[in-house]
Amino acid sequence: MSDDGDEEASDASEDYYMSDDEDVSQGDSDAVGNDAGEAGVDAEDDDDDGYGNAMSGVEFHVVPRALFQCFSAAEVVAKQTEAVARVVAVLQITTDDAAQLLRAFKWNVNTVHDEWFSNEEGVRAAVGLLPVDVMADASESEHAVTCGVCFDDFSASGTNHVGCHHSFCGDCWKGYLENAVSEGPSVLHLRCPADKCSARVTDALARRFMSPEAAEKLSMFQRRSWVDDNPAVKWCTGVGCENGVLCERAGEGAVDVHCPCGTSFCWSCQEDAHRPVDCETVRKWLVKNSAESENMNWILANTKPCPECKRPIEKNMGCMHMTCSQCKYQFCWMCQGKWSDHGERTGGYYACNRYDTVKEGAGFSEEEKRRALAKHSLERYTHYYERWAAHGSSQVKAVEDLREMTESKLQKLGDLQNTPVSQLKFVTEAMAQIAECRRVLKWTYGFGFYNLEDDSVKKRFFEFIQADAEVTLERLTETVETELAEYFHDEIDSAKFGDFRGKLAGLTAVTCKYFNTLVKELEEGLPGVGNDEDIEAEDGAAAQQVVTGASG
């Protein structure tokens, strides 16, 4: 079905992708160790990329791996119209039928043409288009028929069926169509309600019997189908955003995109942007953060069951003498034996040598081992989660600071320092860099939690470059938060302001190159760092060489 006059179309470019004359900005940032130096952000204009309006004109420095293009709602409709027109011109069919073919073949114009000319009859049958030799009764002359649903007699014409001559009364059509609309976009592939009839319900018939509200909903499904049914395009995940994002390298893993609305997200999994971590690791990490299993780990690590009633008890201070608040049983927290058996000979109120003795001997129970393991696991998870969350909060603050700078502070800075706003881009670039690097650092903790635990060499190297990256970013952040502030109070000598410009731009470039390298190396699994087995093999070979030389 197609909207009245709003023909649906697609850009296949010449299938799904953008055509050669469409502009996709090609970034020129040059990362250390990154030969590709890819960057690609195409928003609606050059002044609307990155984190949206708050980052207008700001170039992103952590380089995306794939080209992408954002389309506004109006541009999405234009793409639909263009694709439908191309199919109509070649196949000489109606715009309604052309839109249905495009939906069936995922908005790939070339596939529609290939399939149609190789097996037109089969395509018609699969999509629900009537064969050429079956002509709909277009006569408006009414005649009495029986409705195939309610079995009431009514006066029908050719407008009561979709060309298959299965006529139904207006009330039954209305109920059938509006129920289908309420179930979602599947209404776009609706067939005749007659048993075993595969004729599709045309747009014209649907709109004849639908209420205005249902017809508007149908139009919405039609407008959205270019994105919903197109594997190369997805909707922006931003709240209230109706932009579609086309990715040139769909299906190649994590691809971070930045919509003009200000939302940064992964095109592949639709979570927040998360390079250098892969989508599966992100999924596991987010599930772990919200899983009830973490509550159980906390209980195991921080409580013990009462030896009498088995209720979990938390001890956060005080001596080893515990009294259960439920059953009043008194016991030792360390060894969980009766308190009446304890005293000075067992270590007093704040220690229990029985526990130490048992732990050192063969009597250390499986439950205690499990509890110790759970506590270690929880402490490790807490370490990574706290830092992941802290950098996430810092990222949010950095984006807000940048928005405030762009919307209100930048003009004030320009007025005080007698500098045009166009020449203050180095400030917004630095702040955009901080926001993006906070995001990268946040996800390095997700990476560290699931990777390298069994490779101590790579783990140590990873923790070193992670710490170094934090130091590099903090140096840039401190310059923005402290040194920049003094230029908002009084006019400063232009030479001094020029020195500050050079310093900030230099720090931004250094941070850019460092984080580009960090992202690339982590995505490739730190290929230049030997693992434990490699080092052992090298040590063995060196030892063998020493032995051979000595014997010679």
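Thresholds applied
- Residues numbered from 1 in each chain as written.
- Predicted model: local features only at pLDDT ≥ 70, side-chain atom pairs only at ≥ 80, totals over all residues.
- Heavy atoms only, no water.
- UniProt positions renumbered as here; feature names shortened; annotations may be inferred.
- Salt bridge = Lys/Arg side-chain N within 4 Å of Asp/Glu carboxyl O.
- Helix = DSSP H or I, 4+ residues; strand = E, 2+ residues; numbered from the N terminus.
- Buried < 20%, exposed > 50% of the residue type's maximum accessible area, 1.4 Å probe, protein only.
- Polar contact = N/O pair within 3.5 Å; in protein donor to acceptor, adjacent residues only side chain to side chain.
- Contact = heavy atoms within 4.5 Å.
- Arc of directions from axis to C-beta.
- Phe/Tyr/Trp six-rings, centres within 6.5 Å; stacked < 30°, edge-to-face > 60°.
- Lys NZ or Arg CZ within 6 Å of the ring centre and 35° of its normal.
- Axes fitted to C-alpha atoms, helices over the stretch in contact; angles between N-to-C directions.
- Parallel < 35°, antiparallel > 145°, perpendicular 65-115°, else oblique.
- Left-handed = near helix turned anticlockwise from the far one by under 90°.

- As recorded in an unreviewed UniProt entry, the protein chain goes by the name RBR-type E3 ubiquitin transferase, listed as coming from Mantoniella antarctica.
- In UniProt, the protein chain has this text filed under Sequence similarities (unreviewed entry): "Belongs to the RBR family. Ariadne subfamily."
- Quoted verbatim from the Function (unreviewed entry) field of the UniProt record, the comment on the protein chain reads "Might act as an E3 ubiquitin-protein ligase, or as part of E3 complex, which accepts ubiquitin from specific E2 ubiquitin-conjugating enzymes and then transfers it to substrates."

**Here's the deal with the pattern of salt bridges**
Right, on to step 1. For the structure shown, the criterion picks out 19 salt bridges.
Right, on to step 2. Note that Glu120 is salt-bridged to Arg124, the shortest N-O span being 3.0 Å. Highlighted residues: Glu120 and Arg124, both in helix α4 (residues 120–127), separated by four residues, approximately one helical turn.
Right, on to step 3. Owing to a relative accessible area of 30%, Glu120 belongs among the partly exposed residues under this scheme.
Right, on to step 4. In this structure, the salt-bridge partner of Glu523 is Arg275, at a minimum N-O distance of 2.6 Å.

**Considering unusual backbone geometry**
Right, on to step 1. The omega angle of the peptide bond from Arg275 to Pro276 is 15°, so this bond is cis rather than trans.
Right, on to step 2. The phi torsion at Gln270 lies on the positive side, around 65°, for a residue other than glycine.
Right, on to step 3. Position of Gln270 relative to the elements: it lies in the loop between β7 (264–266) and α8 (279–290).
Right, on to step 4. With phi around 65°, Lys328 is a residue other than glycine that occupies positive phi space.
Right, on to step 5. By the element assignment, Lys328 lies in the loop between β10 (321–323) and β11 (330–332).

**Details of the side chain of Thr479**
Right, on to step 1. When you line up the elements, Thr479 lands in helix α13 (residues 456–483).
Right, on to step 2. Residue classification places Thr479 among the buried positions, given a relative accessible area of 3%.
Right, on to step 3. From its side chain, Thr479 meets the backbone oxygen of Arg475 in a polar contact 2.9 Å long.
Right, on to step 4. Ignoring any residue separated from it by four or fewer positions in sequence, one finds Thr479 in contact with Leu484, Phe500, Lys503, Leu504 and Leu507.

**Overview of α4**
Right, on to step 1. Residues Val123, Arg124 and Val127 constitute the buried set of α4. In a view along the axis of α4, the buried residues occupy a sector of 100°, so they form one face of it. In α4, the exposed residues that point more than 90 degrees away from the buried face are Glu121, Ala125 and Ala126.
Right, on to step 2. Along its buried surface, α4 packs onto α2 (95–104) and α3 (109–118).
Right, on to step 3. With its phi angle positive at about 95°, Gly128 sits one or two positions after the end of α4.

**Observations concerning the packing of aromatic side chains**
The description of an aromatic ring pair rests on the distance of the ring centres and on the angle between the ring planes.
Right, on to step 1. Within this structure, the stated rule accounts for 22 aromatic pairs.
Right, on to step 2. Members of the aromatic cluster, joined through ring pairs, are Trp285, Tyr381, Tyr384, Tyr385, Trp388, Trp443, Tyr445, Phe449 and Tyr450.
Right, on to step 3. The residue whose ring lies beneath Lys288 is Tyr381, and the NZ or CZ to ring-centre distance is 5.3 Å.

**Observations regarding the packing of helix α1 (residues 73–91) against α2**
Right, on to step 1. Across the interface, α1 lies against α2 with an axial gap of 9 Å and an inter-helix angle of 110°. Put simply, α1 runs roughly perpendicular to α2. Seen along the crossing, α1 lies across α2 with a hand that is right-handed. Contacts between α1 and α2 involve Ala83, Val84, Val87, Val88 and Leu91 from the first element and Thr95, Ala98, Ala99, Leu101 and Leu102 from the second.

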